[in-house]
Amino acid sequence: MPMSDEERRLLKELELGLIADDPHLAMELLSGYPAPRFRVDLFLGALAGLTGLVLLIAGAGGRIVALVVLGLSLVGLGTGLLLSKFFPGRRKRPERPAG
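A brief report on the enclosed structure follows. This one's a predicted model, so the numbers in the text were calculated from it and none came from an experiment. (Residues numbered from 1 in each chain as written. Predicted model: local features only at pLDDT ≥ 70, side-chain atom pairs only at ≥ 80, totals over all residues. Heavy atoms only, no water.)

Some thoughts on the overall build of the protein
So, point 1. Summing up its helical and strand segments, the protein has 4 helices and 0 strands in all.
So, point 2. Ordered by position from the N terminus, the helices and strands of the protein form the series α-α-α-α.
So, point 3. Per-residue burial over the protein gives 11% buried out of 99 residues.
So, point 4. Taking contacts inside the protein between residues at least 6 apart in sequence as the whole, the part at least 24 apart equals 40%. (Helix = DSSP H or I, 4+ residues; strand = E, 2+ residues; numbered from the N terminus. Buried < 20%, exposed > 50% of the residue type's maximum accessible area, 1.4 Å probe, protein only. Contact = heavy atoms within 4.5 Å.)

Below, the structure is given as structure tokens:
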């Protein structure tokens, strides 16, 4: 069943609204190729956090201050990398409109 002119117009408005709201998603949908979902920074963040936790526990158990400091640093780095995905706006400051 073919679309009416009104349905075509509404579909075009929806498409233009999507492009205006989220151009990255619109281009991804129009290209037919989804963006890769694996993010290296999340993997490295998890790896750094877990390694840091192991070093932190080993350093505290053996009373080795250098391992505790290194482990705590790696836990902080890993947490920062993991949380950067959930708070993407913290990386860039949006420009304020003039006026």
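Next comes the rest of the write-up.
Some thoughts on unusual backbone geometry
So, point 1. Backbone geometry at Arg63 places phi at a positive 55 degrees, although glycine is not the residue there.
So, point 2. Checked against the element boundaries, Arg63 lands in the loop between α3 (40-62) and α4 (65-86).
So, point 3. Owing to a relative accessible area of 76%, Arg63 belongs among the exposed residues under this scheme.

What about the pattern of salt bridges?
Here the idea is simple: oppositely charged side chains can pair when their charged atoms come close.
So, point 1. Taken as a whole, this structure holds 3 salt bridges when the rule is applied.
So, point 2. Across the pair Arg8 and Asp5 runs a salt bridge whose closest N-O atoms are separated by 3.4 Å. Here Arg8 and its partner Asp5 are both found in helix α1 (residues 5-21), 3 residues apart, which amounts to about one turn of the helix.
So, point 3. Residue classification places Arg8 among the partly exposed residues on the basis of a relative accessible area of 44%. (Salt bridge = Lys/Arg side-chain N within 4 Å of Asp/Glu carboxyl O.)

Focus on the packing of α1 against helix α2 (residues 23-31)
So, point 1. Between α1 and α2, the shortest axis-to-axis distance is 5 Å and the interhelical angle comes to 125 degrees. Accordingly, the angle class assigned to the pair α1 and α2 is oblique. Seen from α1, the contacting residues are Glu15, Leu18, Ile19, Ala20 and Asp21; seen from α2, they are Pro23, Leu25, Ala26, Leu29 and Leu30.
So, point 2. Of the residues belonging to the contact of α1 with α2, the class tally is 8 nonpolar, no polar and 2 charged. (Axes fitted to C-alpha atoms, helices over the stretch in contact; angles between N-to-C directions. Parallel < 35°, antiparallel > 145°, perpendicular 65-115°, else oblique. Nonpolar A, V, L, I, M, F, W, Y, C, P; charged D, E, K, R; others polar.)

In short, shape yes, function no, at least from these values alone.
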